[in-house]
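# Inside the fold
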Amino acid sequence: MQSWWFEAALLADGWAERVRMTEEGGRIATLATDVAAEPGDARHGVALPGIANLHSHAFQRGMAGMAERRGPDADSFWTWRDVMYRFANAVGPEEMEAIAALAFVEMLESGFVQVGEFHYVHHDVDGAAFADPAEMGGRLAAAAAETGIGLTLLPVLYMASGFGGGAPGPGQRRFVHDPEGYARLIEASRRAVTGLDGGRVGVAPHSLRAVPPEGLAAVVEIAGDAPIHIHVAEQMGEVEDCLHHTGQRPVEWLLGNAPVDARWCLVHATHVTAAELAGIARSGAVAGLCPITEANLGDGIFPAADFLAAGGRFGVGSDSNVLIDLAQELRSLEYSQRLARQGRNLLSSAETPSTGRTLFDVAGRGGAQALGMVEYGLAPGARADFLTLDCAHPTLAGRSGDALLDALVFADSRGMIDGVWRGGRQWVRGGRHVAREAVVRRYSAALARLRIDAR
Ligand code: ZN
């Protein structure tokens, strides 16, 4: 049994002051508000619920900043993908674990407590299957166990090089399964997360370009109640290819041909019409937005303000992990709307005028739904997954309530997050993950071994 006392806390039913919280078995046992601290309570500033990072490719943390040099031809998502494939095809199991551990450390330090790993590097570097189909996914599970982040492992089915079902290219040799092999991968992945606190397995058809309709149907069959994640409509090239092959746009095709519902997370969904937006909102699916990566890759701007107005749900993901920062994901999302529409405070509403609060709440609920977590928010009986802000941080001076979240999201929040707990266990202290030093050492050694040309 542990106990904490907070100057203020954002609880499931709103802000409260002078909050005392107790924990038992990783869950919140009691919550009392407007009370004094008791002897033995750990005292902290402001407590917030932890947020789920709904879309990550952890290994890409190792190539952060490597694809920012101009090439001989016009650079695009597709030239970035060539660099990413070179990196992906050099990463072995040891490197996967070492790189993922650093990514997870940084996620926890920025306020993410659970991650959805959209995991597609399955086979050995030469493309041969490992004896354990979930060898690489197991390395992600090991990194999650070491760092304390909750893991929703989303093994990816990858079958084709593009619309029309062309054979995968040599750069894709480590990703590929047929539906039977994929079913075995899912079984092995379930074993790999057994024993992980917060461990779950969902399914992930990579995209409509990499998975033909019969493959998609097979994946949905395997899913049951588990989360179903898919990349969709990230790039205009993909929209044009889909129109060419099916006569429909990607989201339009998906909504018409798959049982899209609240289990689904449509990652990116950048290029959508008003009718497609309304269709996603009606389905109950979560839009998985990755604002930093989408800006970095030049994907485009998701019409998030229209989507919220239509009743849509979204969460955020760090995707390429070029920069891992929860506050900046939320800030980038609102700023993209401001730049596109030449207005301000476009994602808040009359009911919740605070943009920081709106973004935090929407991303918290959407992220939890997308990763198959049954609950979100601090309430008796819920998991003790939370973070604390340092009230002595200058940006927070004179702030209370929703203004704290506006400060966290829009102002200088470096060093603001003080502690992070999952299931009542503290993993971040004074802004630093407890295993940071060891994890950084192993990461540096792994990158030195990889010797990727990054001049
Ligand atoms: Zn992705």
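Details of the structure are given in the entry above.
What counts, and at which threshold
Residues numbered from 1 in each chain as written. Predicted model: local features only at pLDDT ≥ 70, side-chain atom pairs only at ≥ 80, totals over all residues. Heavy atoms only, no water. Buried < 20%, exposed > 50% of the residue type's maximum accessible area, 1.4 Å probe, protein only. Helix = DSSP H or I, 4+ residues; strand = E, 2+ residues; numbered from the N terminus. Contact = heavy atoms within 4.5 Å. Pairing = 2+ DSSP bridges.

The next subject is helix 8 (residues 274–283). Glu276, Leu277, Gly279, Ile280, Ala281 and Ser283 are the residues of helix 8 that are buried. Structurally, helix 8 contributes buried residues whose contacts are with helix 7 (250–257), strand 11 (264–268) and helix 10 (304–309). Count one or two residues on from helix 8 and you reach Gly284, which has phi positive near 85°.

Looking now at the sheet that holds strand 15 (residues 417–422). Taken in spatial order, the 8 strands of this open sheet run 3-2-1-4-14-15-16-17, and their pairing is mixed. The open sheet has two edge strands, strand 3 (27–32) and strand 17 (432–433), and neither has a second partner. In the sheet, strand 1 (residues 2–11) pairs with strand 4 (residues 42–49) via 5 bridges, with the strands oriented parallel. Paired with Trp4 across the two strands is Ala42, which belongs to strand 4.

The next point concerns unusual backbone geometry. Backbone geometry places Arg18, a non-glycine residue, at a positive phi of 50°. As for its placement among the helices and strands, Arg18 is situated in strand 2 (residues 14–24). Of the residues examined, Arg18 reaches a relative accessible area of 38% and is grouped as partly exposed. Located in the positive-phi region is Asn321, a residue other than glycine, with phi close to 60°. As for its position among the elements, Asn321 is in the loop between strand 13 (313–316) and helix 11 (326–341). Looking at Asn321, the relative accessible area reads 0%, which means it is buried.

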